[in-house]
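Residue strings, one per chain:
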Number of protein chains: 2
Amino acid sequence: MVTLAEVARRAEVTAATVSNVLRNPQKVKPATVERVMAAIRELGYRPNLTARALAQGRASTLALMLSNVTNPFYPEFVLAAEREARKRGYFLLVCNTDDDPAIARAYLHQIAGTLAAGVIVMNTDLAEQELTEIAQGGAAVVLCLWEHAQASRTLPCVTVDFAAAGALAAAHLSELRHRKIGALVGEGSGGPQSVRLRGFAEALAARGHAEKSLTVATSHDSIESGYEAAKALLLAKPALTALFATNDLMAIGAMQAAADMGRQVPHDLSIVGLTDIQLARQFRPALTTVRFPTAHIAARSVALTLEMVEGTAPAQALYQVRAPELVVRESTGPAPSRRRG
Amino acid sequence: MVTLAEVARRAEVTAATVSNVLRNPQKVKPATVERVMAAIRELGYRPNLTARALAQGRASTLALMLSNVTNPFYPEFVLAAEREARKRGYFLLVCNTDDDPAIARAYLHQIAGTLAAGVIVMNTDLAEQELTEIAQGGAAVVLCLWEHAQASRTLPCVTVDFAAAGALAAAHLSELRHRKIGALVGEGSGGPQSVRLRGFAEALAARGHAEKSLTVATSHDSIESGYEAAKALLLAKPALTALFATNDLMAIGAMQAAADMGRQVPHDLSIVGLTDIQLARQFRPALTTVRFPTAHIAARSVALTLEMVEGTAPAQALYQVRAPELVVRESTGPAPSRRRG
DNA sequence: TTGAAAGCGCTAACAG
DNA sequence: CTGTTAGCGCTTTCAA
């Protein structure tokens, strides 16, 4: 392995100068820069990022803690996060916690502040208290997409307006004249997706829908679970003409349940999801959903984390990025008229 | 940040002893171990992995270079890789190259051997020559799932028998009496998936199928592209009764194309994919496919890389893990009889 | 069983 | 503009 010192020797300067050539070239005489660059090239020198991190007291690495990359929401997020990190000279450590607080804790304690200069924590079951301690230990900690009722007051948080997202779905179904609506509420990491439901329910109420016209069921955040929940719900309440799911996976499961029960989507039953994962447009019928600005959130989270790492972050706590927006595709349509039954 | 030295002071020993307590406790008197552990606990000490890496000359980090996590094959792979790494005390850096050799190269040069002790390189457009140089620079480099004709002779490679996978698909369709078959060959990172096709074609030939009974078309490795390719193919050759796609995404696209063309799967048209990504069983009709032992490959790749990092790897070059296996689901059925046309 | 000392490769004042 | 010096926090011989 070629070191700075070897380059220095070859270029007949000291290590400090080589370091300067690499990091503040304007502080070095052009001729010297040339000579050093030549040496670097000839020797094939590559800076040792570990040594640099130790000397600087700051790693060039960021950690992303999420429950499980296998949830189709995450790959898009990870991609965008990694791109933003790379653009700024950082690398991305991906940490799956499997919704296990013990794993999350272990990760945090091992790498926050040492291996990773900052940590982006997606919705998790970890107590905020613990995260705050980690943050005091010197690592930049940014919360991302937390839907907890008790959203943080001490840690910065990048998120979207979950309630508004739910409201968009409600407005859409209401305009299509649906009056008997079912809702599937997901239980993801960090608790139920209840803010989305609340936004949905309140928007419905605001539009004059009776409270009992909405039937709520819970489900896990997966296609399989959405399938079961939707099936049960439709069996119990056959009169429902529309279903709102607090995430796309469940909505897709619901579409399959509808198909298996002989109900045509959207003719007999409309379905709206939330998030707009890739799958939403790839499935048939393509899913109407409320889009989260996923890539944007990811990039913003990374940017904020790095600003904190580098001490240039503004003293703001809540970052609400772009509003969610409705994406109408094929899974929603007008409520079936009563006549034709 | 609490350092070793502070712990040492508090426990009234030297840093060397604290270090030993952490890494070779059996070399330290039990009473001292106790005292040191107490100090660690009281102070909330957490080892600095960056410093450790520098001192040891070995990072506790592994890099996984892949084209794009957004391809549904990868999340499952990443998850398994990360679990294996974590189990062994390592962390996973995820690097998206976007099929851009320049990005791949930049990553490699920046982190291989310094930030990351080892690198797992999935199919890429990088010349093997370059990877070999990196490996000589001191990083463990492991190739994973390379399908190149020119598979490496100098770098270890974890892979599956691509030809056998194709052959399984062929045997299945042949047994279902399909005689006019179309094949969609993907163009993923690192070139066409031609070994899979070759295995498929040869198995067909071995079963007495005429060479011209197989029609081949190419496509990119995505649902959208598979859709287009399948549509064109079915339009050009309406007599085809079965389609083989060299990966599941294309197969799913093909299913949608068939649906849009009014062809019932599997009644009018059988479709077989390859890899068995999650989506394969979530789509309707569920896709018949040839399963790759994805998690197993991932774990093996990580294990091998770490063995190389730690110098305990056997001197073997090619690791073929478990055979692929056919998974029959709903997208394949007997060839339609001519009578009923 | 423990300590002293050197050093991993780099950065960051500060001096000249 | 360049060199000197002193670490960053940890590991690792080698002595004691």
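I will try to describe carefully the structure that is included in this document. (Residues numbered from 1 in each chain as written. Chains lettered and ligands numbered in written order. Predicted model: local features only at pLDDT ≥ 70, side-chain atom pairs only at ≥ 80, totals over all residues. Heavy atoms only, no water.)

1. As for the protein's contact with DNA strand C
- In the region of DNA strand C, 22 residues are neighbours, and A:Leu4, A:Ser19, A:Tyr45, A:Arg52 and B:Thr32 sit closest.
- Backbone sugar and phosphate groups make up 77% of those atoms of DNA strand C lying within 4 Å of the protein.
- Contact distances for DNA strand C include 2.8 Å between a phosphate oxygen and a side-chain N or O atom of A:Ser19.
- For DNA strand C, a phosphate oxygen lies 2.5 Å from a polar atom in the side chain of A:Arg52.
- Elements with a contribution of two residues or more to the surface near DNA strand C: helix H2 (15-23) and helix H4 (49-56) of chain A together with helix H2 (15-23) and helix H4 (49-56) of chain B.
- Top element by residues in the surface near DNA strand C is H4(A). It accounts for four residues.
- A class-by-class count of the residues in the surface near DNA strand C yields 11 nonpolar, seven polar and four charged. (Near = heavy atom within 4 Å. Polar contact = N/O pair within 3.5 Å; in protein donor to acceptor, adjacent residues only side chain to side chain. Helix = DSSP H or I, 4+ residues; strand = E, 2+ residues; numbered from the N terminus. Nonpolar A, V, L, I, M, F, W, Y, C, P; charged D, E, K, R; others polar.)

2. A few points about the packing of helix H1 (residues 4-11) of chain B against H2(B)
Residues and elements named next belong to chain B.
- Where H1 meets H2, the closest approach of the two axes is 8 Å, and the angle between their N-to-C directions is 100°. Between H1 and H2, the angle is such that the two are roughly perpendicular. Together, Leu 4, Val 7 and Ala 8 of H1 and Ala 15, Val 18 and Ser 19 of H2 make up the contact between the two elements.
- Within the contact of H1 with H2, the residues separate by chemical class into five nonpolar, one polar and no charged. (Axes fitted to C-alpha atoms, helices over the stretch in contact; angles between N-to-C directions. Parallel < 35°, antiparallel > 145°, perpendicular 65-115°, else oblique. Contact = heavy atoms within 4.5 Å.)

3. Re unusual backbone geometry
- B:Val265 connects to B:Pro266 through a cis peptide bond whose omega is 5°.
- Omega for the bond connecting B:Arg284 with B:Pro285 falls within 30 degrees of zero, at -10°, which places this linkage in the cis form.
- By secondary structure assignment, the location of B:Pro285 is in the loop between helix H12 (278-282) and strand E11 (288-291).
- One non-glycine residue with positive phi stands out, namely A:Arg177, at about 70°.
- With respect to the helices and strands, the residue A:Arg177 is situated in the loop between helix H8 (162-175) and strand E6 (181-188).

4. A look at the relation of the copies chain B and chain A
- Relative to chain A, chain B is turned by 180° and slid 0.0 Å along the rotation axis, the superposed coordinates differing by an RMSD of 0.1 Å. Within this description, the copies of the chain are treated as partners about a two-fold rotation axis. In terms of proximity to the rotation axis, the leading residue of chain B is B:Leu93, whose C-alpha is 2.2 Å off the axis.
- When the interface residues of chain B are mapped onto chain A, 100% of them are again interface residues, pointing to one common binding face. (Least-squares fit on C-alpha atoms with pLDDT ≥ 70 in both.)

5. Description of the protein's contact with DNA strand D
- In the neighbourhood of DNA strand D, 23 residues make up the surrounding shell, with A:Thr32, B:Leu4, B:Ser19, B:Tyr45 and B:Arg52 lying closest.
- Sugar and phosphate atoms form 75% of the subset of DNA strand D atoms that lie within 4 Å of the protein.
- The side chain of B:Ser19 places a nitrogen or oxygen atom 2.8 Å from a phosphate oxygen of DNA strand D.
- Separating a phosphate oxygen of DNA strand D from a side-chain N or O atom of B:Arg23 is a distance of 3.0 Å.
- Contributions of two or more residues to the surface near DNA strand D are made by H2 and H4 of chain A together with H2 and H4 of chain B.
- When residues of the surface near DNA strand D are assigned to their parent elements, the largest contribution, four residues, is made by H4(B).
- Taken together, the residues that form the surface near DNA strand D break down as 11 nonpolar, seven polar and five charged.

6. Notes on the interface of chain B and chain A
- With 49 residues of chain B at the interface, the matching set in chain A holds 49 residues.
- Between chain B and chain A, a total of about 4400 Å² is buried, with carbon and sulfur atoms accounting for 55% of that surface.
- The largest share of the area that chain B buries against chain A comes from B:Arg46, B:Thr50 and B:Phe91, three residues that together contribute 15% of it.
- Our count for the contact surface shared by chain B and chain A stands at four salt bridges.
- In this structure, the salt-bridge partner of B:Arg284 is A:Asp260, at a minimum N-O distance of 3.3 Å.
- Counting across the interface, chain B meets chain A through 27 residue pairs in polar contact (both at pLDDT 80 or more).
- Elements represented by at least two residues in the side of chain B that touches chain A include exactly H4, helix H5 (73-87), strand E2 (91-96), helix H6 (101-111), helix H10 (223-236), helix H11 (248-260) and H12 of chain B.
- Sort the elements by how many residues they give to the side of chain B that touches chain A and H5(B) lands first, with seven residues.
- Of the residues belonging to the side of chain B that touches chain A, the class tally is 25 nonpolar, 15 polar and nine charged. (Buried area = accessible area lost by both parts, 1.4 Å probe. Salt bridge = Lys/Arg side-chain N within 4 Å of Asp/Glu carboxyl O.)

7. Examining the environment of B:Gly226
- Structurally, the position occupied by B:Gly226 is in helix H10.
- Aside from chain neighbours lying at most four places away, what touches B:Gly226 is B:Leu184, B:Ser219, B:His220, B:Met250, B:Gly253 and B:Ala254.

8. Overview of the environment of B:Leu43
- Position of B:Leu43 relative to the elements: it lies in helix H3 (residues 30-43).
- Considered as a pair, B:Leu43 and B:Arg10 are 33 residues apart in the sequence and their alpha carbons are 8.8 Å apart.

9. What to know about helix H10 (residues 223-236) of chain A
- With 14 residues, H10(A) extends 20 Å between its outermost C-alpha atoms, agreeing within 8% with the 20 Å of an ideal straight helix rising 1.5 Å per residue.
- Looking only at H10(A), the buried set comprises A:Ile223, A:Ser225, A:Gly226, A:Tyr227, A:Ala229, A:Ala230, A:Leu233 and A:Leu234.
- Packing partners of the buried residues in H10(A) comprise E6, strand E8 (214-220), strand E9 (242-245), helix H11 (248-260) and helix H12 (278-282) of chain A together with H12 of chain B. (Expected span 1.5 Å × (residues − 1). Buried < 20%, exposed > 50% of the residue type's maximum accessible area, 1.4 Å probe, protein only.)

10. Some points on the packing of helix H1 (residues 4-11) of chain A against helix H3 (residues 30-43) of chain A
Residues and elements named next belong to chain A.
- Where H1 contacts H3, the axes come no closer than 9 Å and their chain directions differ by 125°. With respect to H3, the element H1 is oriented oblique. Considering the relative orientation of H1 and H3, their crossing is right-handed. Note on element contacts: H3 touches H1 through Arg 35, Val 36, Ala 39, Ile 40, Glu 42 and Leu 43, opposite Glu 6, Val 7, Arg 10 and Ala 11.
- When the residues that make up the contact of H1 with H3 are grouped by side-chain class, the tally is six nonpolar, no polar and four charged. (Left-handed = near helix turned anticlockwise from the far one by under 90°.)

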